Amino acid sequence: MSASAGPAYLELLDVAKHFGGVQALDRVSLTVHKGSVHALVGENGAGKSTLGRIVAGVLGADGGRVILDGTDVTFRSPREALEHGVAAISQEPSVVPRLTVAENVFLGVEPTEGGFIRKRPLRNAYAKLAADAGFDLPGGMPAGRLRTSEQQKVEILRALSRDARLIVMDEPTAALGSHEARQLYTIIRGLAASGKTIILISHFLREVLELADTVTVLRDGRLVKTSPTAAETDASLVEAMLGRPLTATFPPRSLPPAGAPVLMRARDLRAAGVEGVGFDLRAGEILGLAGLVGAGRTELARAIFGAAKVESGEVVLLESVRLGRSPRRSLSAGLAMIPESRKDDGLIFGRSTIENATISRLDALTTFGVVRRRRERRAATAVLERCGVRGAGYSAPVAQLSGGNQQKVLLARTLLCEPRVVIADEPTRGVDVGAKRAIYDFLTSLAADGLGVILISSELEEVIGLSHRVLVMRRGRITSELEGEAITEAAILGASFAEGTG
Amino acid sequence: MTTRVVAEEPAGVWSSVRSRVHARRIRSAAILVPFFLLFGVLCLTSKPFSSRANLLDILDQQSATLIIAAAGTLVLIAGGIDLSVGAVYGFSAVVSAHFALHQSAGLAIFLGIGAGLLIGIANGLVITTLRINSLIATLGMAFIINGCSNLVTNGNLLVLFNKTAFGELARTEFLGVKTSIWLMVAVVIAFGLLLATTAAGRYMYAAGGNAEAARLAGVRVAGIRVLTFALSGAAAGLAGVIDTSRVLSAQASPDDTTLAFTVLAGIVVGGTSIAGGEGAVWRSVVGVLFIALIGNGYLLLGYDPLYEQITEGALLLLAVGLDAVSRRRG
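Note that the structure is predicted; figures quoted are calculated from it, not measured.

**Brief notes about the overall build of chain B**
Each helix and strand in chain B was counted, giving 15 helices and 4 strands. Its C-alpha atoms give chain B a radius of gyration of 22 Å, near enough to 20 Å, the size a compact globule of 330 residues would have. Overall, chain B is about 80 × 55 × 35 Å in size when its C-alpha atoms are taken along their principal axes. Here chain B, with 330 residues, has 47% of them falling under the buried criterion. Sequence-distant contacts in chain B: of pairs separated by 6 or more residues, those separated by 24 or more amount to 78%.

Have a look at this one:
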């Protein structure tokens, strides 16, 4: 690991930025050393992404100085930043799916002759670049066929091909499974070892503690502290982020009563990505679904909910109602799902918080098809407040809420449906520490009320901390069932990677 | 318990969000400014413009366009586009004229609107079951229907000058205003209320705003889309019948197709987003009337009508451009 005592590569002095009336960054000063991994942590809205964007030239600062390698710089665009050796890797990589990996890497700077791209020099340049970086990514493959983690490698190669010396990574592992995240860690360490400087913006404190040399904590746009990571712990960072200590990470589990009735039963269920899955879900139980990304967890959830086609087998709610036909029928039967991506599959961003909360239960709030506004507002406000949604008033577009509050709107929608079984797919993705705990409390309280909960999460500690029972999936099958004391990280990982079982 | 662990939001966020909401409201009313400006200028520069007769004439002439635009707004908001409305308008016009020649006026009206409704349902079913882009599907439908109109008329002008009963539909005066206008007002209000106050209206916004999220929330997205196309077809049918009744003649004309673009221009100039999920019926009314005022103004002020088209085209680009910019900011 490179020493953080290397020469200063990037210095920020009193950098300020405001959006309208909000001070997003309030005179932040920090020094990033050459060849180090420097992490920025903080809650949503603390200003860490804003800071990253200013460094990468996406946003301009309102005040203060940015000093790169000893010279004052002001970037007016990401392109200008790139010319100075500063590149940004986003959470969701942008690749052109139809172009090959090599073409994506050299997009815009292809070797050309009379306007035509010269294929061979392109291939050679790619081969050299990939070898230097130590990536074995086939240059001729269409980028659209790559997984998210591999697409991120394309972005990293793109940055390296432009000779980037400072790389800003904003939540690079948020969309990755734990195995893929590990690969990215190795890459980041390799980049730092070869003298590149990395600014890592992350929600995952473990990742920060493991990877970063230095960590800067931001709160409400102000710098709380910058210190060597070795001097920090999970708890110390959370305390600095929140401004107060956080009590237990997970709420206490109440065990489901022995002999609790089975709420939902799946038998030999097959769908795209699901190869014959059977299980029972009991009342009051939180059933964790673990496994690598692509193991078939989300596919299973979508098939049960009726969002994806069930090919064969069956899943039955309360002994009698067949599920897996359509989301609408599932909802009216008593099964709700909090989808994996609140942006793509959950919320209608242009509409108000209230409308987003009530959309699944509008039929109960209308007379002759006309929505009873006052009744709707009352019903929505009650559940939104119960779920702790806070923000610009419930009539404002839901897009204006923070990630955590948006997720809570989906919880409120679920409550309004009065379900018997809830499937929560990655319910805490992209959500800050405080909101995470609120979501844990929510799921635990559902189980305590006698509902059945299926929890899908790529964060192992979440599955371990909340579930009464865990099913581990691999290649569309359940490979292991763990209960009580047997739910350990080693057991889950072992079953996730196990070859030849199931 | 929950509230204790939820993180404090910076106080500043609140005021910023409020100011953004405020900016949104101002932008949302933006079309009214050029409309009233133009209205004022025309009042000052042209004496005959502000006469009751001229203003009612404008409304009478625009009643068909306004009815189609009101329904088209629903289609656009639900994430579709209907380019067949011009052809349907023409088809319903000749169908109703054809039957009015030999049958009762009531039957002619019923068949004219019914034809539009059926074509609209066909549009919706083709688009949702085959999952075809609605732009292409309705364009294809427009050609088919335009051909059918020629089959009905054999290329002749259908003249109804002695069919006064059929003419009563649009030409009767009630409280000094023609029934074409009354019908238009009723239909526009009905569509406006459907969109703004009913569950179906909500689902239209949801289907156009984020179809997959709406489906997972239990909305019958395909059903809602079919509904919007059916209403659009029926509205185009009614518009064709009203115009036939107004002028007491009908003819199959390839020009009918351009009506679809006039309507679309009005909707978009009013500020309903072509991308779906946003908009309102009142906006389309203002947008259509704004374009009509430009035409009327050119006429009254004696300018070359050549420039009218150029102005309208530029206006359309400006409206779409503003929408795109505000989207990026939003």
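From this point, things continue past the structure.
**So, the overall build of chain A**
For chain A, the helix and strand inventory stands at 17 helices and 24 strands. In terms of C-alpha radius of gyration, chain A reaches 24 Å, essentially the compact-globule figure of 23 Å for 502 residues. Relative to its 502 residues, chain A shows a buried fraction of 51%. Long-range pairs, those at least 24 residues apart, make up 68% of the contacts in chain A between residues at least 6 apart in sequence.

**Focus: the domain arrangement of chain A**
Residues and elements named next belong to chain A. Taken domain by domain, chain A holds domain 1 (8-95 + 146-242), domain 2 (248-334 + 419-502) and domain 3 (349-416). Placing a centre on the C-alpha atoms of domain 2 and another on those of domain 3 gives a separation of 26 Å. Listed by partner, the interface residues are 12 residues for domain 2 and 9 residues for domain 3. Among the elements that line the side of domain 2 that touches domain 3, the one with the most residues is helix α15 (residues 433-448), at 5 residues. Residues of the side of domain 2 that touches domain 3, tallied by class, amount to 9 nonpolar, 2 polar and 1 charged.

**Section: the sheet that holds strand β24 (residues 477-483) of chain A**
Residue and element names in this part refer to chain A. Ordered by their spatial adjacency, 6 strands build an open sheet running β18-β21-β22-β15-β23-β24, and the pairing between neighbours is mixed. Each edge of the sheet is formed by a strand with only one pairing partner; in this case those strands are β18 (335-338) and β24. Pairs of neighbouring strands in the sheet enclose a mean axial angle of 20 degrees, with direction left out of account. The pairing of strand β23 (residues 469-474) with β24 spans 6 bridges and is antiparallel. Residue pairing for β24: M473 is matched across the bridge by I478. Packed onto the sheet, helix α9 (residues 297-305) meets β15 (286-291), β18, β21 (421-425), β22 (452-456) and β23 and runs at close to 145 degrees relative to β21.

**With respect to the pairing of strand β16 (residues 310-317) of chain A**
All names here are of chain A. Summarising the sheet, strand β13 (residues 262-271) and β16 pair through 6 bridges and their orientation is antiparallel. Within β16, the position partnered with M264 by the bridge is L317. Of the strand pairs in this sheet, β16 and strand β17 (residues 321-322) are connected by 2 bridges, and their pairing is antiparallel. When the bridges of β17 are listed, L317 appears paired with V321.

**Quick word on the pairing of strand β10 (residues 197-201) of chain A**
Two faces make up the sheet, and in a regular strand the side chains alternate between them. Residue and element names in this part refer to chain A. Within β10, 5 of the 5 residues are buried, which leaves it mostly tucked inside the rest of the structure. Side chains of β10 alternate between two faces, with T197, I199 and I201 and I198 and L200 buried alike. In terms of strand pairing, strand β3 (residues 37-41) meets β10 through 4 bridges, oriented parallel. Within β10, the position partnered with A39 by the bridge is L200. Alignment of strand β9 (residues 166-170) against β10, held across 5 bridges, turns out to be parallel. Bridge pairing links D170 to I201 in β10.

**Notes on unusual backbone geometry**
Glycine aside, residues mostly have negative phi, and peptide bonds are mostly found in the trans state. All names here are of chain A. Of note in the backbone geometry, D14 takes a positive phi value of approximately 50 degrees without being a glycine. Counting through the fold element by element, D14 comes out in strand β1 (residues 8-19). Within the chain, D268 stands out as a residue other than glycine whose phi angle is a positive 45 degrees. Tracing the backbone shows D268 in strand β13.

**Some remarks on the nonpolar core**
If you look at the biggest cluster of nonpolar residues, it comprises 175 residues, and the most contacted ones within it are A:L443, A:V453, A:L455, B:I67, B:I68 and B:A235. Residue contributions to this core peak at 14 residues, all from helix α12 (residues 221-247) of chain B. A domain split of this core shows at least three residues from each of domain 2 (248-334 + 419-502) and domain 3 (349-416) of chain A. With near-sequence residues (within four places) excluded, A:L443 lies in contact with A:I286, A:A424, A:V453, A:L455 and A:L466. Residues A:A46, A:V95, A:Y126 and A:V208 belong to the second largest nonpolar core, which totals 67 residues.

**A look at the packing of helix α6 (residues 105-129) of chain B against helix α7 (residues 134-153) of chain B**
All names here are of chain B. In the contact formed by α6 and α7, the axes pass within 10 Å of each other and the chain directions differ by 140 degrees. When you trace α6 past α7, the crossing you get is right-handed. Contacts between α6 and α7 pair I119, N123, V126 and I127 from the former with S134, A137, T138, M141 and I145 from the latter. Per-class residue counts for the contact of α6 with α7 are 6 nonpolar, 3 polar and no charged.

**Here's the deal with the sheet that holds strand β12 (residues 222-228) of chain A**
All names here are of chain A. In spatial order, the strands read β6-β9-β10-β3-β11-β12; together these 6 strands make up an open sheet with mixed pairing. Strands with a single pairing partner mark the edges of an open sheet, and in this sheet they are β6 (86-89) and β12. Adjacent strand axes in the sheet meet at a mean angle of 20 degrees, parallel and antiparallel pairs treated alike. In this fold helix α1 (residues 48-55) packs onto β3, β6, β9, β10 and β11 (214-219), with an angle of close to 150 degrees to the strand it touches most, β10.

Criteria and thresholds
Residues numbered from 1 in each chain as written. Chains lettered and ligands numbered in written order. Predicted model: local features only at pLDDT ≥ 70, side-chain atom pairs only at ≥ 80, totals over all residues. Helix = DSSP H or I, 4+ residues; strand = E, 2+ residues; numbered from the N terminus. Rg over C-alpha atoms; globule rule 2.2 N^0.38 Å. Buried ≥ 20, exposed ≤ 12 C-beta atoms within 10 Å, placed from the backbone. Contact = placed C-beta atoms within 7 Å. Domains from an automatic or database assignment. Nonpolar A, V, L, I, M, F, W, Y, C, P; charged D, E, K, R; others polar. Pairing = 2+ DSSP bridges. Axes fitted to C-alpha atoms, helices over the stretch in contact; angles between N-to-C directions. Core = buried A, V, L, I, M, F, W, Y, C linked by C-beta atoms within 7 Å. Left-handed = near helix turned anticlockwise from the far one by under 90°.

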